[in-house]
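What follows is the residue order along each chain.
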Protein chains: 2
Amino acid sequence: MHSPPQQPHRNGETTPYPIPNHPFHSTVSLRKLRRFNYLILVFRIASFSFSLASFIFMLSTSRGPNSPRWYHFDAFRLVVGANAIVALYSLFEMVASVWEISRGATVFSEVLQVWFDFGHDQVFAYLLLSADSAGTALARVLKGRDTCTAWNAFCIQADVAIALGFIGFLFLGFSSLLSGFRVACFIIKGSRFHL
Amino acid sequence: MHSPPQQPHRNGETTPYPIPNHPFHSTVSLRKLRRFNYLILVFRIASFSFSLASFIFMLSTSRGPNSPRWYHFDAFRLVVGANAIVALYSLFEMVASVWEISRGATVFSEVLQVWFDFGHDQVFAYLLLSADSAGTALARVLKGRDTCTAWNAFCIQADVAIALGFIGFLFLGFSSLLSGFRVACFIIKGSRFHL
């Protein structure tokens, strides 16, 4: 990228390149800030990919007309729903992250953005973990019953979908640590950057 | 309490009343810091109480010699284990919190304490939520089977134990928000206090 080096902005939503707060920011600090934003983007992409994969895997578990279906089981419905929500949310956050890296400004106002990110990261991480744990418990119960004897492929694919959901949760959890740190920076210093 | 007003300390583990960093701290700031510590203590007490209650409830589900027992079910074993761990951890954190309020110093060195608290809060909150979600999924499966028809009291008591565990998780989640904020303060300002 040959764009000019980005500076941290307090209220970047109105002008893409406002006057920086700290005109003498060292290039080391700028590099660190940029690395922080790229790290968030990587976590968003990973959590989007894994939750979307989990969603698709669970949706395509049915084998033939008599096969059991995911919507016959409460916990699997929860897995599908939670992964769909997280995939959509991560897609939005990916766009927001790219926007922030390319324009140096948040999509919403800074205060709204940091709280929006952190709040949703926390709630959706707990939601996804809860859904996947419930799915695991159900999958374990099914293992000892006729369903998995007659339809082994269904059970294996459900297991894979749940495992993918757990990986998606891991990346969402990492994102929530970083967005939590940005909230704390905002509370303490009035800016989402700590450098 | 008639003890002298406490000041925030950076490395309070060596001397109980070291020279404060900011001798001109306003009484408003001190009151806010103390309120923050009391809030953490309240959350610790609540999460201890609910996870201990959940543990005891799940342990006492058996009714008579032929009744099903919690250790016959994977997910209920997980609920018992997770609640026991959280109850023990919360008990330790209660003591640490009282120590900090009364002496103005952390039990371990400050850097260790803030990371210890936050790391364990995060991991145990996820563990407890995961266990309770798995327990809920199993309880729902049991509802439609002979176990709950023959031993209704067992199922009801297991439900109550899981619900208590969820409330314990809520308070542990709140604690993890506060301890996360202390970690961020420590990273940004080199002290667990932001005032």
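Preceding block: the structure.
Small disclaimer: the values here were computed from a predicted structure and weren't measured.

Draft legend 1. Molecular detail of the overall build of chain A. A tally of helices and strands in chain A yields 5 helices and 0 strands. Reading the secondary structure of chain A in the N-to-C direction produces α-α-α-α-α. Within chain A, the fraction of its 195 residues that count as buried is 50%. Long-range pairs, those at least 24 residues apart, make up 80% of the contacts in chain A with a sequence separation of at least 6. As displayed, chain A has an accessible area near 9300 Å², and 69% of this comes from carbon and sulfur atoms.

Draft legend 2. A look at the pattern of salt bridges. Under the criterion given, the structure shown has 18 salt bridges over all chains. A:Arg140 is the salt-bridge partner of B:Asp74, the closest N and O atoms lying 2.5 Å from each other. With B:Asp74 in helix 2 (residues 74-103) and A:Arg140 in helix 3 (residues 110-143), this residue pair bridges two chains. Classification of B:Asp74 as partly exposed rests on a relative accessible area of 34%. Between B:Asp74 and B:Arg77 there is a salt bridge, with the nearest N and O atoms lying 2.6 Å from each other. Residue B:Asp74 and its partner B:Arg77 are both found in helix 2; the two are separated by 3 residues, about one turn of the helix. Accessibility expressed as a relative area gives 39% for B:Arg77, which makes it partly exposed.

Draft legend 3. Seen up close, a nonpolar patch on the surface. All names here are of chain A. A surface patch of nonpolar side chains, about 370 Å² in accessible area, is lined by Val111, Leu112, Trp115 and Ile187. With 3 residues, the top contributor of residues to the nonpolar patch is helix 3. Note on placement: Ile187 falls in helix 5 (residues 152-189). On the basis of relative accessibility, which here comes to 41%, the residue Ile187 falls in the partly exposed class.

Draft legend 4. Representation of the state of the cysteines within the structure. Across all of its chains, the model carries 2 disulfides over all chains by this definition. There is a disulfide in this structure between B:Cys148 and B:Cys155, and the S-S distance comes to 1.8 Å. Judged by the sign of its S-S torsion, about -95°, the bond between B:Cys148 and B:Cys155 is left-handed. On the basis of relative accessible area, B:Cys148 is assigned to the buried category, the value being 7%. Unpaired in terms of disulfides, A:Cys185 finds its nearest cysteine sulfur in B:Cys185, a separation of 9.7 Å. Given a relative accessible area of 0%, A:Cys185 falls into the buried group.

Draft legend 5. Focus on the relation of the copies chain A and chain B. Mapping chain A onto chain B is achieved by rotating through 180° and translating by 0.0 Å along the same axis, at an RMSD of 0.0 Å. Such a combination of rotation and displacement between the chain copies is what one expects of a two-fold axis. The position closest to the rotation axis in chain A is occupied by the C-alpha of A:Ala134, lying 2.2 Å away. Comparing interface residues between copies, 100% of those in chain A also sit at the interface in chain B, which points to an isologous, same-surface contact.

Draft legend 6. Region of interest: the interface of chain A and chain B. With 25 residues of chain A at the contact, the number on the chain B side is 25 residues. At the junction of chain A with chain B, the criterion picks out 2 salt bridges. In this assembly, chain A and chain B are joined by 4 residue pairs in polar contact (both at pLDDT 80 or more). Of all the secondary structure elements, the ones that give two or more residues to the side of chain A that touches chain B are helix 3 and helix 5 of chain A. Partitioned by chemical class, the residues of the side of chain A that touches chain B number 15 nonpolar, 6 polar and 4 charged.

The rules behind the values
Residues numbered from 1 in each chain as written. Chains lettered and ligands numbered in written order. Predicted model: local features only at pLDDT ≥ 70, side-chain atom pairs only at ≥ 80, totals over all residues. Heavy atoms only, no water. Helix = DSSP H or I, 4+ residues; strand = E, 2+ residues; numbered from the N terminus. Buried < 20%, exposed > 50% of the residue type's maximum accessible area, 1.4 Å probe, protein only. Contact = heavy atoms within 4.5 Å. Areas by Shrake-Rupley, 256 points an atom, 1.4 Å probe, with all protein chains shown as cover. Salt bridge = Lys/Arg side-chain N within 4 Å of Asp/Glu carboxyl O. Patch = residues over 30% accessible without salt bridge, like charges linked within 9 Å, V, L, I, M, F, W, Y side chains within 5 Å. Disulfide = S-S within 2.5 Å. Least-squares fit on C-alpha atoms with pLDDT ≥ 70 in both. Polar contact = N/O pair within 3.5 Å; in protein donor to acceptor, adjacent residues only side chain to side chain. Nonpolar A, V, L, I, M, F, W, Y, C, P; charged D, E, K, R; others polar.

These results come straight from atomic positions and should not be treated as a statement about function.
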